[in-house]
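In case you want the letters, here they are:
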Amino acid sequence: MTPVRTLALLTLLFLAVTAQASWYDDYDAGIAAARAGNWSTVVTRMSAAIKGNPKEENKARTYGAIFINYKPYYYRGVAHLNLGNYEQAVTDFERTQGRGELDLGSIETLMGRAKSRLEAAQAPAQQPEQRPDPTPPVQVPQQPRPTPQQPVVTPAPAQTPVTPAIDAALRQRATQALANARQRINAAQQRRGATSSAQYQQATTAWASANARNANARSNDDLNAVIAEAENASLLADSAVAPSAPQLPATRPQAATSAVLADYESDLRDALTAYFAGDFDESTPKFESLSRKLPNNAWVWAFLGASQYSQFAFEADEDYRRAALQSFQKAKSLRSWKGGLPPKYFSRRIRRAFDNTAG
């Protein structure tokens, strides 16, 4: 099966099935949401990660020998703080062991901010206490009793809101991210037809939004959101190309290729369906069978290795890991993988294992 034919089939199958989520996938998605300032999503994703793995660790094991700095309570606490859920934020900051890979501030600073805002929210409105004059009126014969004076009401001083400090280095990073995005957009303008693409339009919109947000930034959270949006604009600008031309009718060689490979499409579809559904015990033997039918197809070997490595991650059986590395080596020997395995089909842990395998 040709790489183009195989990739087209993979794209169709990927749209039809989804991979099983895991706690580390929720954690990764939560960090991405924190970069973008989507705090409700952070709470949802980090809560899901905690449900799957409630223990924070500096080196939490995910796939095989892949470890991450796992601090879900830290990020959920920051999200609660930004959403105004101060009591929940304090609870999470008390449970976390420290900052994660994305530094959003020290525990002491964040905890102090959450507690001060919680106290302000819980404090009742100060009302002056009405008390009678303790000194009894003087009795003067044949004189009217004087009326006791009411105490003078002194209004409580208005509380001055505490303005969060902005990190100067973070401000510089936001400025640099905007400048980089502007350069990428300018570069896209030089590519023929790129300015008419949807990616270019999205890039310019994202840059304008990030620039406006930067001008009104009042906190480190605002600046983190600026950086995330500017980096997204850079990626969109890099991917801006001229819209593809309409597809021409298949030539006789192309039609003949489809006919010859038709016998393998059903087997490949079954193997990929099982893989994306997380049924690795089922997908591995299917890919093994395909590797014998299509021994020179690098995609088949790559998916076989991914399925075997997933079995190793779940069962901690070294035989699966060794088999996966052999499959990855075979895939690398059959083609050059510029940029590694595509992220739309393979998880970050699989891609790391593939990249670390000797070719």
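Residues numbered from 1 in each chain as written. Predicted model: local features only at pLDDT ≥ 70, side-chain atom pairs only at ≥ 80, totals over all residues. Heavy atoms only, no water.

Asks: How do you make sense of the packing of helix H4 (residues 72-83) against helix H6 (residues 107-122) when you look at a structure like this?
Replies: If you want to describe how two helices pack, look at the angle between their axes and the distance between the axes. At a minimum axis separation of 11 Å, H4 and H6 run at an interaxial angle of 35 degrees. With respect to the hand of their crossing, H4 and H6 are arranged in left-handed fashion. Where H4 abuts H6, its residues Tyr74, Val78 and Leu81 lie against Ile107, Leu110, Arg113, Ala114 and Arg117. Of the residues assigned to the contact of H4 with H6, the class counts are 6 nonpolar, no polar and 2 charged. (Axes fitted to C-alpha atoms, helices over the stretch in contact; angles between N-to-C directions. Helix = DSSP H or I, 4+ residues; strand = E, 2+ residues; numbered from the N terminus. Left-handed = near helix turned anticlockwise from the far one by under 90°. Contact = heavy atoms within 4.5 Å. Nonpolar A, V, L, I, M, F, W, Y, C, P; charged D, E, K, R; others polar.)

Asks: Help me understand the pairing of strand S2 (residues 67-70) in this model?
Replies: In summary, the side chains of a regular strand alternate between the two faces of the sheet. Where burial is concerned, the two faces of S2 differ: the one with Ile68 and Tyr70 is buried and the one with Phe67 and Asn69 is not. Pairing analysis gives 3 bridges linking strand S1 (residues 57-61) to S2, with the strands arranged antiparallel. When the sheet's bridge partners are listed, Ala60 is paired in S2 with Ile68. (Buried < 20%, exposed > 50% of the residue type's maximum accessible area, 1.4 Å probe, protein only. Pairing = 2+ DSSP bridges.)

Asks: I keep staring at the environment of Ala331 and nothing clicks. Help me out?
Replies: Secondary-structure assignment places Ala331 in helix H13 (residues 318-334). Owing to a relative accessible area of 0%, Ala331 belongs among the buried residues under this scheme. Other than its neighbours up to four places away in sequence, Ala331 contacts Ala298, Trp301, Ala302, Trp337 and Phe354.

Asks: I'm lost on the packing of aromatic side chains in this one. Help?
Replies: Given two aromatic rings, one states the distance between the centres and the angle between the planes to describe the pair. A complete count under the given rule lists 17 aromatic pairs for this structure. Geometrically, the ring pair formed by Tyr275 and Phe287 is edge-to-face, given 6.4 Å between the ring centres and 75 degrees between the ring planes. Note that Tyr275 is positioned in helix H10 (residues 252-276) and Phe287 in helix H11 (residues 280-293), a separation of 12 residues in sequence. Judged by centre distance (5.3 Å) and plane angle (80 degrees), the rings of Phe328 and Phe354 are edge-to-face. Of the two residues, Phe328 is situated in helix H13 and Phe354 in helix H14 (residues 348-355); the sequence distance between them amounts to 26 residues. This pair shows no difference in class: Phe328 is buried, exactly as Phe354 is. (Phe/Tyr/Trp six-rings, centres within 6.5 Å; stacked < 30°, edge-to-face > 60°.)

Asks: Any chance you could explain the pattern of salt bridges here in plain terms?
Replies: Pairing is possible between side chains that carry opposite charge, provided their charged atoms lie close to one another. In total, this model carries 11 salt bridges according to the counting rule given. For the salt bridge of Arg76 with Asp92, the shortest nitrogen-to-oxygen distance reads 2.9 Å. Here Arg76 is found in helix H4, whereas its partner Asp92 is found in helix H5 (residues 86-95), with 16 residues between them in sequence. Both residues of the pair, Arg76 and Asp92, count as buried. Among the ionic pairs, Arg99 bridges to Asp103, the shortest N-O distance being 3.1 Å. One continuous salt-bridge network, built from bridges that share partners, spans Asp25, Asp28, Arg348 and Arg349. (Salt bridge = Lys/Arg side-chain N within 4 Å of Asp/Glu carboxyl O.)

Asks: Where do I start with H11 in this structure?
Replies: Because an α-helix packs 3.6 residues into every turn, residues spaced three or four apart end up facing the same way. Relative to the 20 Å expected for 14 residues at 1.5 Å per residue, H11 spans 20 Å between its end C-alpha atoms, a close match to the ideal helical length. What H11 keeps buried is the set Phe280, Ser283, Thr284, Phe287, Leu290 and Ser291. The arc that holds every buried residue of H11, seen down its axis, measures 130 degrees, which confines them to one face. Turned more than 90 degrees from where H11 packs its buried face, Asp281 and Arg292 sit exposed. (Expected span 1.5 Å × (residues − 1). Arc of directions from axis to C-beta.)

Asks: Quick question: what am I supposed to make of the packing of helix H2 (residues 23-36) against helix H3 (residues 39-52) here?
Replies: Two elements in contact, H2 and H3, have axes whose closest approach is 8 Å; the angle formed by their N-to-C orientations is 160 degrees. Put simply, H2 runs roughly antiparallel to H3. Where H2 crosses over H3, the two elements pack in a sense that is left-handed. Here H2 contributes Trp23, Asp26, Tyr27, Ala29, Gly30, Ile31, Ala33 and Ala34 to the contact with H3, which in turn contributes Trp39, Thr41, Val42, Arg45, Met46, Ala48, Ala49 and Gly52. (Parallel < 35°, antiparallel > 145°, perpendicular 65-115°, else oblique.)

Asks: Looking at this structure, I do not really get the environment of Leu325. What am I missing?
Replies: Checked against the element boundaries, Leu325 lands in helix H13. For Leu325, a relative accessible area of 23% corresponds to the partly exposed category. On a C-alpha basis, the gap between Leu325 and Tyr309 in space is 8.0 Å, while along the polypeptide they are 16 residues apart.

Asks: I tried to follow the nonpolar core on my own but got confused; where do I start?
Replies: Across soluble globular proteins, you tend to see nonpolar side chains buried next to one another. In terms of nonpolar packing, the biggest core is built from 30 residues, with Tyr275, Phe287, Phe303, Trp337 and Phe346 touching the most fellow members. Where this core is concerned, the elements lending two or more residues are H10, H11, helix H12 (298-315), H13 and H14. Among the elements that take part in this core, H12 stands out by supplying 10 residues, more than any other. In this structure Phe287 touches Leu268, Ala271, Leu272, Tyr275, Val300, Phe303, Leu304 and Ser307, once residues within four positions along its chain are discounted. Counting residues in each nonpolar core, the second largest holds 29 residues, with Tyr24, Val42, Phe93 and Leu104 among its members. (Core = buried A, V, L, I, M, F, W, Y, C linked by side-chain atoms within 4.5 Å.)

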